[in-house]
Amino acid sequence: MLEKLKQIFSLQDLKSKILFTLLMLVLCRIGAYIPVPGINGEEAVRVFQSAVGGGQNLFQLVDIFSGGAFAQMTIIALGVMPYITASIILQVLMAVIPSLQRDMKENPELGKKKVGKWTRLLTVFLALFQAAMYAKYALKINTSTPGIILDQMLTVTMFGFPILFFLVMMFAMATGTILLMWIGEQITERGIGNGISLIITVGIVASLPRTMGSIVRQLNLESQEPGQLSFTSLVLLLSVFVIIIVGTILIIQGQRRIPLQYARRVVGRHETQGGNAHIPLKINYAGVIPVIFASSLLMFPATVAQFFGSTSWLGQIALALSPGSWTYTAIYVLLIMFFTYFWTATQFHPEQIASDMKRNGAFIPGIRQGKPTQDFLEYTMNRITFVGAAFLALIAILPSLVGRMLNVDASISHFFGGTSLLILVGVVLDTMKQVESHLIMKRYDGFMTKKKVRARI
């Protein structure tokens, strides 16, 4: 391992990318400790903890994704969720609007710029909207528990409406989201790994000390009385933790290898017929993107509804969509499977592969070139995508189901839950692959020296 690290930092280009990425991520974490002007962060955390209690609550999951910034009402409390939601909307629009599809096919570079522009504009709108809902929620809990909002922020009113507080809250939080969006794009372009995924991952990792402290408190080690969390439950949770990690690695790196043969060709004076070539079809072509998309899409409407309280009909929707409920679990599974197929359909192009194979004289044994090859690849990918999507959904909800059966506190089950852990492991694997590709280009052995995991369906 030390030798590999030496190789990594001996490459100036790779070293610069890693240091730039780390610097950008540090800036993200600094923003998690800067409260919105006029907000008492310590009082906000205290009220937040008493509000969520020990039950399964959507706000706890949002707080884990933001690394604690949501509970403290900091400038990055909204995280990158508005950006991800905007990206989902634009991806869906690209699939249904012919003009966007035409732009992407005719001029991919111009099409990406156009989609990126609309994604940023929609992100700003969603961030302002969610910040306004957050401000309304903060104003409501400040009425019952004064001290969260400084009195000076509530003195400037218009038609009895605290306009100054709303404007400060909206623009501060929207600016924080835009800053995270810019940092994520900079990491993707100039650093290593996917910037937005890394920002979410850092937020999850930042919640680790708080989760470990909660585990120690609930074990009640300082007393002879049994704690809320037993050692048996802890061992079972750790076992599920290991299963999730192993399962994530298997499902992300597993692949179905389609054998290839080449027509006889004359190279010099020798007649050749290709080697042991194959097409690697990933079991989970989308990686952890479906989990991120499904979580973000569920968080947005449910968070907005939860801001209105449990008495309204929107509050009832939020209650039904709270993590741990059967409604939330069922919709979450369906969304993961949908986004797995959706992302695979947008990124995997069997017609292009079949065309390239025909041009290079390659064919799949027993399958004719052209349309039959395209149909075979599409049929095979659909089968293995179903297996990958089902397994991804299973390991995403498994810890939550175990936590409910063991009556484990939600703050612990959310962290050890499949959503957080899947994103964490998946992003780490993706980043390691990018580092490995840089090493291989410079004629070094790969960072991950173990043989790749193979799976056949």
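Residues numbered from 1 in each chain as written. Predicted model: local features only at pLDDT ≥ 70, side-chain atom pairs only at ≥ 80, totals over all residues. Heavy atoms only, no water.

### A few points about the environment of Ala 86
- For Ala 86, the location among the structural elements is in helix α6 (residues 81–96).
- Among residues more than four places away in sequence, those in contact with Ala 86 are Thr 119, Leu 122, Thr 123 and Leu 126. (Helix = DSSP H or I, 4+ residues; strand = E, 2+ residues; numbered from the N terminus. Contact = heavy atoms within 4.5 Å.)

### Observations concerning the pairing of strand β5 (residues 278–282)
- Residue alternation in β5 divides its side chains into a buried set, Ile 279 and Leu 281, and an unburied set, His 278, Pro 280 and Lys 282.
- Relative to β5, strand β1 (residues 255–259) runs antiparallel, the two sharing 5 bridges. Bridging from a neighbouring strand, Arg 256 pairs with Leu 281 of β5. (Buried < 20%, exposed > 50% of the residue type's maximum accessible area, 1.4 Å probe, protein only. Pairing = 2+ DSSP bridges.)

### A few points about the nonpolar core
- If you look at the biggest cluster of nonpolar residues, it comprises 84 residues, and the most contacted ones within it are Met 73, Ile 84, Phe 165, Met 169 and Tyr 332.
- In terms of residue count, the dominant contributor to this core is helix α9 (residues 163–190) (11 residues).
- Formed by 11 residues, the second largest nonpolar core is a distinct cluster that contains Ile 279, Leu 281, Ile 364 and Leu 377. (Core = buried A, V, L, I, M, F, W, Y, C linked by side-chain atoms within 4.5 Å.)

### Focus on the packing of aromatic side chains
- For the structure on display, the rule yields 6 aromatic pairs.
- Here the aromatic rings of Phe 338 and Phe 339 are separated by 5.2 Å at their centres, their planes lie at 65 degrees, and the arrangement is edge-to-face.
- Relative to Phe 342, the ring of Phe 338 has its centre 5.8 Å away and its plane inclined at 20 degrees; by these criteria the two rings are stacked. Of the two residues, Phe 338 and Phe 342 are both situated in helix α15 (residues 326–347); the distance of 4 residues between them amounts to about one turn of the helix.
- Classification of Phe 338 as partly exposed rests on a relative accessible area of 43%.
- Among the aromatic side chains, those forming a connected cluster through ring pairs are Phe 293, Phe 338, Phe 339, Phe 342 and Trp 343. (Phe/Tyr/Trp six-rings, centres within 6.5 Å; stacked < 30°, edge-to-face > 60°.)

### Examining the packing of α6 against α15
- Two numbers describe how α6 lies on α15: the axes approach to 12 Å, and their chain directions differ by 55 degrees. In this view, α6 runs oblique relative to α15, as classed from their interaxial angle. Between α6 and α15 lies a crossing of left-handed hand. Between α6 and α15, the contacting residues are Ile 88, Gln 91, Val 92 and Ala 95 on the first element and Phe 339, Phe 342 and Trp 343 on the second.
- The residue inventory of the contact of α6 with α15, partitioned by class, reads 6 nonpolar, 1 polar and no charged. (Axes fitted to C-alpha atoms, helices over the stretch in contact; angles between N-to-C directions. Parallel < 35°, antiparallel > 145°, perpendicular 65-115°, else oblique. Left-handed = near helix turned anticlockwise from the far one by under 90°. Nonpolar A, V, L, I, M, F, W, Y, C, P; charged D, E, K, R; others polar.)

### Structural notes on the packing of helix α2 (residues 12–31) against α9
- At a closest axis distance of 10 Å, the pairing of α2 and α9 adopts a crossing angle of 170 degrees. When the axes of α2 and α9 are compared, the pair comes out roughly antiparallel. Contacts from Lys 17, Phe 20, Thr 21, Met 24, Leu 25, Leu 27 and Cys 28 in α2 reach Leu 180, Trp 182, Ile 183, Gln 186, Ile 187 and Arg 190 in α9.
- Class assignment of the residues belonging to the contact of α2 with α9 gives a composition of 9 nonpolar, 2 polar and 2 charged.

### As for the pattern of salt bridges
- A full pass over the atoms with the stated rule returns 3 salt bridges.
- A salt bridge links Arg 120 to Glu 185; the shortest N-O distance between them is 3.2 Å. Of this pair, Arg 120 sits in helix α8 (residues 108–144) while Glu 185 sits in helix α9, and the two are 65 residues apart along the sequence.
- Since its relative accessible area comes to 17%, Glu 185 is described here as buried.
- One salt bridge connects Asp 356 with Arg 359, and the closest N-O pair in it is separated by 2.5 Å. Placement of both Asp 356 and Arg 359 in helix α16 (residues 350–359) is noted, with a separation of 3 residues, approximately one turn of the helix.
- With relative accessibility at 58%, the residue Arg 359 sits in the exposed group. (Salt bridge = Lys/Arg side-chain N within 4 Å of Asp/Glu carboxyl O.)

Purely spatial values, then, with no claim about function.
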